[in-house]
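Letter by letter, the chains look like this.
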Amino acid sequence: MTVRGRTVALLALAVVGALGMVGLAGAAAPVRASGGVHVPVLMYHHIACPPKGASDDLWTCPSTFRATLRLLKDKGWRAMTADRLAQRVAAHRSVPPQRLVISVDDAYDDAYLAAYPILRDLRLTATFYVITGAVGLAGQVTWDQLREMRAAGMDVANHTVTHPHLDEVTPEEQEAEIVGAQDTIDVEVGHRPRTLAYPFGDNDRSTRRAARNAGLTLAFTDDWGASESASRPFLCPRLYIDGSNTPKAVLAAVAPFA
């Protein structure tokens, strides 16, 4: 995620959390394109408490994750996968009110050890954006774990092969990163992703062309907001969530998109 995108996201959540407001009107200007749908996509990373001395920008304690999802569910919100959202957007179909996507980036091992059991207990689904070249390394999920999660209704999606700044590499390298991840996920879990999360949110025209040519139908940036449409399918925003965000702050953040 870029510094600009994360700063906007954190400022927005800080304001709604501090004021206890429902909505972000005075905090940040969310992306809301005309047409399409406005499904908030929550962006998490580590579902674990931060190590001593670490910043909480990539970490959410499992107890906070559980409390947030329970509160959202109690308030009428229901989860869908990014894959299902992509299908509806491509077909120009509406989405029922109070639908959101829970996304977890980078596929650290706590995605399986912490996030997945909580989601299963609460009967919620999520999308896990996987760096395919890192799967099986120390601190990362394994393909066996991802296959289990996929069989349980979770979505396994594209976060490239090596997590580069895509706008800083050649078009050929962009294509290799995106198509390579598509092919590996297809082989390993038996499903070809429909969605991509750009590493760091970085993309350019060549990146978006490569995503389209790879058969993807939605791609997510780090811009703050909730807007998915067939006219802008490769510039969809998300809501960045980290360990500083209380359950009530997250509830307030999604409220404008109910």
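Read on for a plain summary of the structure. (Residues numbered from 1 in each chain as written. Predicted model: local features only at pLDDT ≥ 70, side-chain atom pairs only at ≥ 80, totals over all residues. Heavy atoms only, no water.)

What to know about the overall build of the protein
Formally: Helix numbering and strand numbering both begin at the N terminus, where a helix is a DSSP run of H or I of at least 4 residues and a strand a DSSP run of E of at least 2. Type-normalised accessible area, obtained with a 1.4 Å probe on protein chains alone, sets the label of each residue: buried when under 20%, exposed when over 50%, and partly exposed for intermediate values. When checking whether two residues touch, look at their non-hydrogen atoms; a contact exists if any pair is within 4.5 Å. In this description, accessible areas are obtained by the Shrake-Rupley approach with a 1.4 Å probe, and a residue is regarded as covered only by the protein chains that are shown.
Looking only at helices and strands, the protein has eight helices and eight strands in total. Within the span of the protein, comprising 258 residues, buried residues form 51% of the whole. Partitioning the intrachain contacts of the protein with sequence separation of at least 6 by distance along the chain shows that 68% fall at a separation of at least 24. Of the roughly 10,700 Å² of accessible surface on the protein, a fraction of 52% belongs to carbon and sulfur atoms.

Side note on the pairing of strand β1 (residues 41-44)
The cut-off we apply is this: Pairing between strands requires that DSSP locate at least two bridges from one strand to the other.
Side chains of β1 alternate between two faces, with V41 and M43 and L42 and Y44 buried alike. Examined bridge by bridge, β1 and strand β3 (residues 99-105) share four bridges and lie parallel to one another. Bridge pairing links Y44 to V104 in β3.

Some points on the packing of helix α2 (residues 62-74) against helix α8 (residues 247-254)
Each pair of packed helices can be described by the angle between their axes along with the distance between the axes. Keep this limit in mind: With axes taken as lines fitted to C-alpha atoms, and helix axes fitted only over the stretch in contact, angles between N-to-C directions fall between 0 and 180 degrees. Geometric relationships in this document are graded by angle, where less than 35 degrees denotes roughly parallel, more than 145 denotes roughly antiparallel, 65 to 115 denotes roughly perpendicular, and other angles denote oblique. Take the far helix as the reference: if the near one is turned anticlockwise from it by less than a right angle, the crossing is left-handed, and if turned clockwise, right-handed. Here the nonpolar group is Ala, Val, Leu, Ile, Met, Phe, Trp, Tyr, Cys and Pro; Asp, Glu, Lys and Arg are the charged ones; every other residue, Gly included, is treated as polar.
Put simply, α2 and α8 touch, their axes get as near as 9 Å, and they point 45° apart. Put simply, α2 runs oblique to α8. Crossing geometry of α2 relative to α8 is assigned as right-handed. Between α2 and α8, the contacting residues are T64, A67, T68, L71 and L72 on the first element and P247, K248, V250, L251 and V254 on the second. Looking at side-chain class alone, the contact of α2 with α8 contains seven nonpolar, two polar and one charged residues.

Let's talk about the state of the cysteines
Heads up, the rule is: Disulfides are defined as pairs of cysteine sulfur atoms found within 2.5 Å of each other.
The full count for this structure, using the stated rule, is one disulfide. At a sulfur-sulfur separation of 2.2 Å, the disulfide partner of C49 is C61. Residues C49 and C61 are joined through a disulfide that is right-handed, its torsion about the S-S bond being 135°. One end of the pair, C49, is in the loop between β1 and α2; the other, C61, is in the loop between β1 and α2, with twelve residues separating them in the sequence.

Things to note about the pairing of β3
Stated formally: We call a crossover right-handed when, viewed with the strands running away from us, the connection from the first strand over the helix to the second turns clockwise.
With six of seven residues buried, β3 lies mostly within the body of the structure. As paired strands, strand β2 (residues 78-79) and β3 are joined by two bridges and run parallel to one another. Among the inter-strand pairings, A79 is bridged to a residue of β3, identified as L100. For the crossover from β2 across helix α3 (residues 82-90) to β3, the handedness is right-handed. In this structure, β3 lies alongside strand β4 (residues 127-130), joined through three bridges in parallel fashion. Each bridged residue has a counterpart across the sheet, and for D105 the counterpart in β4 is Y129. Read from β3 through helix α4 (residues 109-121) to β4, the crossover connection turns out right-handed.

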